[in-house]
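# Results of the structural survey
Chain by chain, the residues run as shown.
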Amino acid sequence: MSSPPIVKGTAAWRYFGDFRAGLLAEQVLVLQVAHPVVAAGVRDHSDYVEDPWTRLMRTAASLSIYIYGGPEGARYEADRLRALHRDFTGVDDDGRRYSALNPRAYAWVHATLVMAPVDTQRFYGKPMTASELDEYYAQLCDVGRLLGLREQDMPSTWPEFERYYAETIDGFGPNETISTLFETIRTVEKPLRWLPDGLWARLRREQMFLLRGALQPALRERLGLQWTDEEQRRFDRFRRVVRVTVGFVPVTLRSSLVRRIGRLNVWFRAHPRAYRFLGGAPHPG
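Described below are features of the structure shown in this document. Note that the coordinates shown come from a computational prediction; the quantities given were computed from them, not determined experimentally.

## Overview of the overall build of the protein
The number of helices and strands found in the protein is 15 helices and two strands. The buried share of the protein, reckoned over its 285 residues, is 45%. Surface exposure of the protein reaches about 15,300 Å², of which carbon and sulfur atoms provide 58%.

## What about the packing of aromatic side chains?
Applying the stated criterion to the full structure yields 14 aromatic pairs. Clustering of aromatic rings is evident, with ring pairs tying together Trp108, Tyr137, Trp158, Phe161, Tyr164, Tyr165 and Phe172. Cation over ring: Arg122 sits above Phe123, and NZ or CZ is 4.4 Å from the ring centre. The ring of Phe209 carries the charged tip of Arg234 above its face, separated from the ring centre by 3.8 Å.

## Quick look at empty space enclosed by the protein
It is the rolling of a water-molecule-sized probe over the atoms that shows where space remains empty. If you walk through the whole model with that rule in mind, you get one cavity of 30 Å³ or more. Looking at the largest cavity, it is lined by 13 residues, and the ones nearest its centre are His110, Tyr137, Met154, Pro155 and Phe161. Top element by residues in the lining of the largest cavity is helix α6 (residues 103–124). It accounts for four residues. Grouping the amino acids of the lining of the largest cavity by side-chain chemistry returns eleven nonpolar, one polar and one charged.

## Looking at the packing of helix α2 (residues 25–33) against α6
Two numbers describe how α2 lies on α6: the axes approach to 10 Å, and their chain directions differ by 155°. Classified by the angle between their axes, α2 and α6 sit roughly antiparallel to one another. For the element pair α2 and α6, the recorded crossing hand is right-handed. Touching Gln27, Val28, Leu31 and Gln32 of α2 are Trp108, Val109, Thr112, Leu113, Ala116 and Asp119, all from α6. Class assignment for the residues of the contact of α2 with α6 results in six nonpolar, three polar and one charged.

Criteria and cut-off values
Residues numbered from 1 in each chain as written. Predicted model: local features only at pLDDT ≥ 70, side-chain atom pairs only at ≥ 80, totals over all residues. Heavy atoms only, no water. Helix = DSSP H or I, 4+ residues; strand = E, 2+ residues; numbered from the N terminus. Buried < 20%, exposed > 50% of the residue type's maximum accessible area, 1.4 Å probe, protein only. Areas by Shrake-Rupley, 256 points an atom, 1.4 Å probe, with all protein chains shown as cover. Phe/Tyr/Trp six-rings, centres within 6.5 Å; stacked < 30°, edge-to-face > 60°. Lys NZ or Arg CZ within 6 Å of the ring centre and 35° of its normal. 1 Å grid on protein atoms, 1.4 Å probe; cavity = no way out; pocket = protein on both sides within 12 Å on 5 of 7 lines; lining within 4 Å. Points joined across faces, edges and corners; volume = space filled by probe spheres on them. Nonpolar A, V, L, I, M, F, W, Y, C, P; charged D, E, K, R; others polar. Axes fitted to C-alpha atoms, helices over the stretch in contact; angles between N-to-C directions. Parallel < 35°, antiparallel > 145°, perpendicular 65-115°, else oblique. Left-handed = near helix turned anticlockwise from the far one by under 90°. Contact = heavy atoms within 4.5 Å.

Encoded structure:
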């Protein structure tokens, strides 16, 4: 499937960096770790429980490079991630050996990141048109190839991808990593010391509320998460408020922060000494 490069005005450029995607961050994490191989890898090799905010910022920085960092930045980041995950191996809950580069698991993580901007528009914006979805998906398939995904790992069209996505979720259920993630969301320390404790406690409750509202109903039920008709009405009201309020923000501004992060990370790639001088890790991202 051929696609236009990701430049200003194209579907991926317009929608991928929409800041409202942050409202779906927890949902995306749950869907990722619902995959047994991803769950084992996160359990054994991730520091998201001890330092979830740094982990989240690193993920956002990495994603920004693929869409807004240009072809060279995307290729560099893809090579870095493959090298990073090559050593992430272990034994899953069923006693089977796993690798973080397991093709199906690797493809599933990418699939959740493909779907997140689509869900962002569906929940909180204006759903993408059929032509936008076709262009967007073709562009994200190109990103997947940069990541090392095989052609057989990516459905060839958007409708086929939707079927694959739904069928994969139908096979998910509870696991230890999901339970740990829920506990982390409920108890995570505030990212800013000056936030009042009462406000932060409420924000944590709202995070779980938005997570429960965004999850697919069947999966939500399998995970034992309560959801009432009144909560659905409250969720729908919240969605309308976000849709109307952000609807007045120009499209270019909705993704401006993520675009800037992408360009900044590409600059750091070219100036690693500056990155280390500012207290960064050995490699940006």
